[in-house]
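Structural overview
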Amino acid sequence: MKERLQALRAEALDKLQQVKDANNLNELRVKFLGKKGALTEVLRGMGGLSAEERPMIGQVANEVRGAIEEFIEQKQEAFQREETERRLQEETIDVTLPGRTLAQGAVHPLNKVVEQIEDIFVGMGYTVAEGPEVERDYYNFEALNLPKDHPARDMQDSFYITEDILMRTQTSPVQIRTMEAMKGDVPVKIICPGRVYRRDDDDATHSFMFHQIEGLVIDKNIRMSDLKGTLLQFAREMFGPHMQIRLRPSFFPFTEPSVEVDVTCMKCGGSGCRICKHTGWIEILGAGMVHPRVLEMGGYDPEVYSGFAFGMGVERIAMLKYGVDDIRHFYTNDMRFLKQFARM
Amino acid sequence: MNVSYKWLSEYIDLTGVSAEELAERMTRAGIEIDVVENRNKGLDNIVVGYVVSREKHPDADKLNVCKVDTGSGEHLQIVCGAKNVDAGQKVPVAQIGAVMPDGMKIKRAKLRGVESQGMICSAKELAMNDKLLPKEMQEGILVLPEDTVIGTPIADVLGLNDHVLELDLTPNRSDCLSMIGVAYEVGALLDRPVRLPEDTVSESAEQASSTVSVRISAPDACNRYAARYITNVSIKPSPLWLQNRLLAAGVRPINNIVDITNFVMLEYGQPLHAFDADKLSGNGAIDVRYAHEGETLVTLDGQERKLEPHMLLITDGVKPIGLAGVMGGENSEVSGDTVNILLESAHFAGSVVRKTSRQMGLRSEASLRFEKEVNPEAVIPALNRAADLMRQLAGGSIAAGIVEETAQPHERRTVTLTLDKTNRLLGTALTAADVTSILQRLGLEAAEPEASVFHVRVPSRRGDITRDVDLIEEVARIYGYDNIPTTAIEGPTTPGHLNKGQTIRRAIRGLLTDNGLHEAVTYSFTHPTETELFPTFIDGAVPVRLAMPMSEERSVLRTSLLPSLLDVAAYNRNRKTDDVKAFELGRLYLTSQETLSALVKEELVLGLLMTGKRSAAQWNISSEAVDFYDVKGVVDALASYLGLEGLIRYEANRPQGLHPGRSASMYLMGAEGEQYIGIIGQVHPEIQRQKDLGETYVAELLLQPLMEAADFNIAYKALPRFPAVDRDIAVVVDRNVEVGRLVTTAKEAAGEWLESVGVFDIYTGDRIAEDKKSVAISLVYRHAEHTFTDEEITDIHGRVIAALETTYSAELRK
């Protein structure tokens, strides 16, 4: 009997060795270990064994069963691994095909710049003021120290609607409106972004409509050195930490002293290139100490209060920042242009 | 203002300061120099030659063969094509080896078989601005005065070893519209003294006042009028040095008299005018007065000008002879046979000159200066200088005395500056000595020096200095803006923030761009017909018209964003971009006033546009055309983003400009009733056709109501503790039944425990009657307190079905 069991084990292991697939394996399991299987068949003869033989044979039988089962299990695992492997193989995709993208739109580059500038100044304690684009001559010119017939009005030919009402030529009228609204309170610390209009023929760098951002600070003891400090901080946050600024005397009727402000050329870093006309500097804004006439018109005593103001063209900043070469791109809204700004 | 470096150095020592350095220093101190032009564009080996003989070329009609003496000992044979070349002329000759400014090399050459040993040059070939020269000199060679020395380098003869600084002046610095003014500025920068021309006049015995008289009848427009009488002048070309000065400044030489007036104007900034005294009634009884209604004057340019009563005239007591400060009259023009001159030097009011010159579109060098107010103290020195030059260069005899009238004598202004305020405003720590020294350099002498207080007598040339801050600016720019420290504002810090509206605008931008829409920025100006396409947000809206539009295309202010957005779509379609999803946050300009007396209402609106495919074609996404529900989806998403979910009601009431079957007006529902906020839908096919657009969907919404109603407060609601029950139904109703109403009815019938309701299918087709549609709705019921029993659900759901059946004759589809 023992020999039969050993033979059975040998046969089973031999057969199992040759098994090709999981079904086959199952068949063999039934054949050898099933209720009507070979092992059961052999064990039926146990009845004829002596009491001494019985446990010995029983042990052998268990060993045989154990060996066959273990072998089947190993086989089964191997088949499962193969199966898994096969499935994974089948499920393989081409990872180089494009993904299903979420269409991302873009904030207009001009507003991207406005938002960035707003954020810088909000971080410096400013609030954002707004005012009408259809404006009174008084706010756009007279209260800004530009009486009728002032030669400086030549600098900006305007779109009038009536004798007294025009499209604002600058965001500066918001200065006056803010001062009026503040009724003499300090500090005044605002920036005002918005559209402005001038009778300019459109070309690559001029547009009859463009955007400005104006800034105004009024308090006791506001100094020109504070204006320098403020603009330096702005330039560094806007264009990078290595920026320097340079002030040049200029003229605006509503500031005295008036300055034009250059920053280090962002293209060449100051070494000189085509963009900065080999000066290393790029003009980005106009500024100055608020003219005493303007303070008076706004209800602030110029002997007590002082202030500074600055203004910049959003288009110009955007052109410099993004390298846009024609201002008209900002208004044609070519999707191929806009899409380029769909990024952080 | 074009400033010749050479000319400038007559008034100030420029030793050691190159033109470029000077330009840089002036720019840094506030006088911006656009360009420094080297007038010598490469003139080596070009010298003055004398044309000894001229003969016709044997084989070419249009060529001449000249023998030219350039002082080298032998005569050069030069073939020349210019018509005006002739024997006896002094001309510029480019010798063999010269490289012309345009790069051409002069070599020995044969022209039609005749050897040519150089080139006789035109002004253009010397890179001069030949437009300023007489016509014959533009067309032919440059003919030099007879007394020019043979062999002299041409650059010396024409004063071309010089640089011209182009000043881009700010309106306050009209003092630099003169060489002397520039010299003062440069003097302050370099700390060097200014040399003025000599103010001496050699007068004859004849008294000017016996011939000439002056009267100012318009004292508000003319402060001072001075004249001199110069007799027996001979009109001829100016000497070369004077012509060279004018050419450097970009002024056309005409004849000695006119050139002198221009030269002195450039020197002093004081415009002058020379009248032919013999053409004046009574030889010159000048009366400065306003024009009479209906009067006319033919100006020097030959144009007949209709005069208006606000225009200031120079008259000879009988007729107008000049438009004060703008242009002289033809009737008194200096011409070749003029003998006696009445020379005017006057101070006219800038505003009067400005108005006239603008109205007539006549801007002259004179008007440019008067408009910006000339130096009142230059009237007499300029007059004397010009008169004496006329004596020297035109052989004139200056009658004794100046004939003048002064309406308002000029008084120099005194402006007081304190050291304390200077330092307070600039953030500097200047000493009294620093300020004194700077003021002195500027020629701004403090009359009575006091410790830390400066009473500055402002020279008349600096009319722009009227207050202490003007002086502070002068101090600052000479001190150097670079030397001002960089500081932070002192005092308590202030919190910065965006207000609610600004925050919402940014949120909208974020939401829409995240949903694939691109932000557009379009012009506020549009064509009037564009304002008629779509509804406006106020009753009786009238588009605001610009008084002087640049074109009809952009002549009125927009009353809707939609036409601009349609233009964006059309622009892109023309460039083969058919898929456009765009929005704009912008203002409309609304009024019902035909003529504005009040400011308009500037209404912030959101415009949306979608056309083309919903998404870009991709290998694994089928791409369908956008439709109404894409735009509506954006509006709904926006509403829920603003905390206004479900509060927009859509009413299919055929808004103007949209497809009548695919459009709606939108209303925002609030506690106090509902408010119209805009329109949504497909653009009317007729408009689509006109604009050459495909199916295009748009919406326009007022933002103010949305911003006011927007609810930023997120209040957590407890998550449900009991399971929900889903029930789907399909009902067949008439096709014209609005699903929105159906849903509302279902909601009302279900009551508070209907958690959500959604439409998941609409079917029309063979399996139901032709005028019917099947609407499949899924309803989710959930009770907050317990799990629904079957009976409860059957009861609620039954009520929903019953309501649909009774209200819409709906049939339940099994």
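Reading guide: rules and limits
Residues numbered from 1 in each chain as written. Chains lettered and ligands numbered in written order. Predicted model: local features only at pLDDT ≥ 70, side-chain atom pairs only at ≥ 80, totals over all residues. Heavy atoms only, no water. Helix = DSSP H or I, 4+ residues; strand = E, 2+ residues; numbered from the N terminus. Rg over C-alpha atoms; globule rule 2.2 N^0.38 Å. Buried < 20%, exposed > 50% of the residue type's maximum accessible area, 1.4 Å probe, protein only. Contact = heavy atoms within 4.5 Å. Areas by Shrake-Rupley, 256 points an atom, 1.4 Å probe, with all protein chains shown as cover. Salt bridge = Lys/Arg side-chain N within 4 Å of Asp/Glu carboxyl O. Pairing = 2+ DSSP bridges. Phe/Tyr/Trp six-rings, centres within 6.5 Å; stacked < 30°, edge-to-face > 60°. Domains from an automatic or database assignment. Buried area = accessible area lost by both parts, 1.4 Å probe. Polar contact = N/O pair within 3.5 Å; in protein donor to acceptor, adjacent residues only side chain to side chain. Nonpolar A, V, L, I, M, F, W, Y, C, P; charged D, E, K, R; others polar. Axes fitted to C-alpha atoms, helices over the stretch in contact; angles between N-to-C directions. Parallel < 35°, antiparallel > 145°, perpendicular 65-115°, else oblique. Left-handed = near helix turned anticlockwise from the far one by under 90°. UniProt positions renumbered as here; feature names shortened; annotations may be inferred. Patch = residues over 30% accessible without salt bridge, like charges linked within 9 Å, V, L, I, M, F, W, Y side chains within 5 Å. Lys, Arg positive; Asp, Glu negative; His and termini not counted. Charge placed at Lys NZ, Arg CZ, Asp CG, Glu CD.

Take the overall build of chain B next. Helix and strand counts for chain B stand at 20 helices and 38 strands. Radius of gyration (C-alpha) of chain B: 41 Å, far over the 28 Å computed for a compact globule of 814 residues. Taken along the three principal axes of its C-alpha coordinates, chain B extends 130 × 85 × 60 Å. Counting over 814 residues, chain B shows a buried share of 53%. Residue pairs at least 24 apart in sequence account for 69% of intrachain contacts in chain B once pairs closer than 6 positions are excluded. When the accessible surface of chain B is split by element, carbon and sulfur atoms take 48% of a total near 36500 Å².

All names here are of chain B. Throughout the structure, instances matching the rule amount to 71 salt bridges over all chains. A salt bridge links E10 to R245; the shortest N-O distance between them is 2.5 Å. With E10 in the loop between α1 (5-8) and α2 (19-28) and R245 in helix α6 (residues 240-249), this pair connects stretches of sequence that are 235 residues apart. A salt bridge links E37 to K41, with the nearest nitrogen and oxygen atoms 2.6 Å apart. A residue is classified by how much of its surface remains accessible, and E37, at 31% relative accessible area, is partly exposed. Of the residues examined, K41 reaches a relative accessible area of 35% and is grouped as partly exposed. Because the salt bridges share partners, they merge into one network encompassing R173, D175, E185, R462, D464, E474 and R477.

All names here are of chain B. Spatial strand order, β12-β15-β18-β19-β20: five strands in an open sheet with mixed pairing. Both outer strands of the open sheet, β12 (213-216) and β20 (327-328), are each paired with one neighbouring strand and no more. The pairing of strand β18 (residues 312-315) with strand β19 (residues 320-323) spans three bridges and is classified as antiparallel. Paired with L313 across the bridge in β19 is L323.

The description of an aromatic ring pair rests on the distance of the ring centres and on the angle between the ring planes. Taken as a whole and assessed by the stated rule, the structure comprises 23 aromatic pairs over all chains. Residues F159(A) and F525(B) carry aromatic rings whose centres are separated by 5.0 Å and whose planes lie at 85 degrees to one another, so their mutual orientation is edge-to-face. A residue pair is termed interchain when its members come from two chains, as with F159(A) in the loop between α6 (137-140) and β3 (165-167) and F525(B) in strand β27 (residues 525-526). Residue F159(A) is classed as buried on the basis of its relative accessible area, which comes to 2%.

Right, let's talk about the domain arrangement of chain B for a bit. Looking at chain B, the domain boundaries give domain 1 (2-36 + 163-190), domain 2 (46-157), domain 3 (203-406), domain 4 (413-483), domain 5 (500-709) and domain 6 (725-812). Domain 2 of chain B and domain 6 of chain B are separated by 102 Å when their C-alpha centres are compared.

Moving on: the sheet that holds strand β9 (residues 306-313) of chain A. Residue and element names in this part refer to chain A. With mixed pairing, the seven strands of this open sheet are ordered in space as β1-β4-β5-β9-β8-β7-β6. Strands with a single pairing partner mark the edges of an open sheet, and in this sheet they are β1 (127-128) and β6 (245-252). Note that β6 and strand β7 (residues 255-264) share seven bridges and pair antiparallel. When the bridges of β7 are listed, F252 appears paired with T255.

Turning next to the interface of chain A and chain B. Counting from both sides, the interface comprises 96 residues of chain A and, opposite them, 92 residues of chain B. Interface area, chain A with chain B, both sides summed: about 7900 Å², of which 54% is carbon and sulfur. At the junction of chain A and chain B, the tally comes to twelve salt bridges. R506(B) serves as the salt-bridge partner of D119(A), at 2.8 Å between the closest nitrogen and oxygen. Put simply, chain A and chain B have 49 residue pairs in polar contact (both at pLDDT 80 or more) between them. When the residues that make up the side of chain A that touches chain B are grouped by side-chain class, the tally is 41 nonpolar, 23 polar and 32 charged.

Two numbers describe a pair of packed helices, the interaxial angle and the distance between the axes. Residues and elements named next belong to chain A. Where helix α5 (residues 109-123) contacts helix α8 (residues 224-239), the two axes come as close as 10 Å, and the packing angle between them is 130 degrees. Taken together, the axes of α5 and α8 are oblique relative to one another. Where α5 crosses over α8, the two elements pack in a sense that is right-handed. Listed contacts from α8 to V113, Q116, I117, I120 and F121 of α5 are T230, F234, E237 and M238.

Attention shifts here to unusual backbone geometry. Residue and element names in this part refer to chain A. Note that the residue after V186, namely P187, is joined by a cis bond; omega there is -5 degrees. Here E256 and P257 are connected by a cis peptide whose omega angle stands at -5 degrees. Phi angles above zero are rare outside glycine, and N221 is one such case at about 65 degrees. Mapped onto the elements, N221 comes out in the loop between β5 (209-219) and α8. Owing to a relative accessible area of 46%, N221 belongs among the partly exposed residues under this scheme.

The next thing to look at is the UniProt feature "domain: FDX-ACB" (unreviewed entry) in chain B. Residues annotated in UniProt with the feature "domain: FDX-ACB" (unreviewed entry) correspond here to residues 720-813 of chain B. With 33% helix and 34% strand, the stretch residues 720-813 of chain B has end C-alpha atoms that lie 31 Å from each other.

With that out of the way, let us pick up a negative patch on the surface. On the surface, a cluster of negative charge is made up of E69(A), E70(A), E73(A) and E77(A). Classification of E69(A) as partly exposed rests on a relative accessible area of 36%.

Looking now at the pairing of β5(A). Within a regular strand, side chains alternate between the sheet's two faces. Residue and element names in this part refer to chain A. In terms of residue burial, β5 counts as a mostly covered element, since eleven of its eleven residues are buried. The pairing of strand β4 (residues 188-197) with β5 spans ten bridges and is antiparallel. Residue G194 lies in a different strand from β5, and its bridge partner there is Q212. Across eight bridges, the pairing between β5 and β9 is antiparallel.

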